[in-house]
Each structure stands twice: as C-alpha cells, then as structure tokens.
Amino acid sequence: MRTTDYSALQPASLAATNAVFIGRSIRLSLRNVEALIMAIVLPVMLMLLFTYVFGGALDPGGDYVNYVVPGIILLCAGYGSASTAVDVATDMTNGIIDRFRTMPIRSLGVVIGHVAASLFRNLVATGVVIGVALLLGFRPSASFLEWLGALGLIALFILVLTWLYAAIGLVAGTPAAASGYGFILLFLPYLSSAFVPTNTMPEWLQGVADHQPITPVIEAIRGLLTDGPVGSNGWLAVGWCAIILLIAFVWSSWAFRRKAGRR
C-alpha cells in the first residue's frame, strides 16, 4: 500500500496562501447577501434621515448634504467592516483553524483573507453610497487628483478599521461577543465633525471630538471632495491611520499566535 510522506511537503507560498484565503472570504461575503445589503442600507437610511429630517434645521440653505456625505461614507465603512469581527471569531471558534494548521500553509492567511474581502466589499458599498448621495443633491467639486486622494484615504481608513475588527474577533470568546465589542467603534463618528461642526458641541465634548482620530479623516475627505481647506488634516489623518494600523496588525498577529499557535 502506497503512503504519502506529508512531512516532505513544502509549505505553500505566502502569495498563494493569501490568494486562496482572499477568494474564500469573498465567496463567503457574496453568500451573506443580507449582511452586504444592511451595510449599504443602514448608512443610506441615515443619510436620508439627516438630509431630509435634520438637514433643514442644521443648514436652512439646503447644503447640508454636501457637509454630511463624508461622515456617512465613514459610517458606511464602519458598518461594513464590523462583520469582519464576527467572521474572524467564527473561524476561530468552529475548529477550522485546527484543520488549517495540519496543512502546509500559513494559517494567518485566513485573517488576511477576511481583511482583503472586507476592503473590497466596503469599497463597493462606498461607491453605492456616493451614487445615492449624488441623487440626493451631493455636488462635489473635486478634481481628478482630489478624487484619487479622497478615495485613497477612504480605502486606508477601511483597511485600518477592518484590521481593528479582525483583532477584536481574535480576542473575543464568541461571534456574539465580537459583534458586541465591535459595536463600540461605530459610535466614534457621532463624536466627531461627521454630522455637525465641533464648535457647536459643549466645550468638554469639543475637545474630545477635535482630538479623536476620525475627525481629521472626515475633514480631509470633506476638504478634498468639496474643494475646501485640507490644511494639516491630511497629514494628521494619514498619521493616525498609520499608527492605528500598526497597532491593529501587531495586536492581530499576537492574538492569532496566542489562540492558534505558531505556524
């Protein structure tokens, strides 16, 4: 009887492993149609709410939609990325990681796959949200380069947020717990300049809103899309994103090794 010596098998390359896991995560995303729809519908409903219900009081001139769209875009990214925590927690608790560890592959790729699929999924959702905003009267005045800068910053923010949710999914005990922990991050856009200028807030809250990471990201995107002043917000946004991305990646790697062992 012929047997196979599995110990002689060479580990798959990092690129091949990541490609397989990215494809797997994209297929899982396409099958979970409800989550994809909700990630788009909820931000669109909030945009309709703020534009038509609160917009007249916040900006009687009717230009509130131009102000609120950058915040809605980041809120859309938050809702879309939140499912990453649940997906990662599900993989960590249903035993599939143990099966991956028996194969000659780098099993951390399962997390990278979820992150890449989330980035793709949320960029599509962002395009839908921007399209709906244009129908509601959003009139950006950005040049081609400013659009590239805004889209690049949005993609960077989605990447950062997704890695944070991946880390939460890795440290959570169950998918339900991951969903609950991740929900906290969804409140951050409300404590920023996403929906109202920070100078309209109480003084103690204004300090929090001005110095949290999401505010410079929103202000930079708003300035790029509406041809407004970007100032130092661009560098602050990129700096905050780079720092948080590094922390999230290190946290995710440590949590994965602690739970799944080294591979």
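Residues numbered from 1 in each chain as written. Predicted model: local features only at pLDDT ≥ 70, side-chain atom pairs only at ≥ 80, totals over all residues. Heavy atoms only, no water.

## Thoughts on the confidence of the model for the protein
Then, in step 1: Within the protein, residue pLDDT values average 81, and 81% of them lie at 70 or more.
Then, in step 2: By mean pLDDT, helix α4 (residues 96-101) is the weakest element of the protein at 65, and helix α9 (residues 214-225) is the strongest at 93. (pLDDT = per-residue confidence, 0-100. Helix = DSSP H or I, 4+ residues; strand = E, 2+ residues; numbered from the N terminus.)

## Section: the pattern of salt bridges
Then, in step 1: In the structure shown here, the tally under the stated rule is one salt bridge.
Then, in step 2: For Glu219, the salt bridge identified is with Arg222, shortest N-O distance 2.8 Å. Remark: Arg222 and Glu219 occur in helix α9; sequence separation between them is three residues, near one turn of the helix. (Salt bridge = Lys/Arg side-chain N within 4 Å of Asp/Glu carboxyl O.)

## Some details on the packing of helix α3 (residues 64-93) against α9
Then, in step 1: Between α3 and α9, the least distance of the axes is 9 Å, while the angle of their chain directions is 130°. As summarised for this structure, α3 and α9 are arranged oblique, according to the angle between their axes. The element α3 and its partner α9 pack so that their crossing is right-handed. Contacts from Tyr67, Pro70, Gly71 and Leu74 in α3 reach Ile214, Val217, Ile218, Ile221 and Arg222 in α9.
Then, in step 2: Across the contact of α3 with α9, the residue classes break down as seven nonpolar, one polar and one charged. (Axes fitted to C-alpha atoms, helices over the stretch in contact; angles between N-to-C directions. Parallel < 35°, antiparallel > 145°, perpendicular 65-115°, else oblique. Left-handed = near helix turned anticlockwise from the far one by under 90°. Contact = heavy atoms within 4.5 Å. Nonpolar A, V, L, I, M, F, W, Y, C, P; charged D, E, K, R; others polar.)

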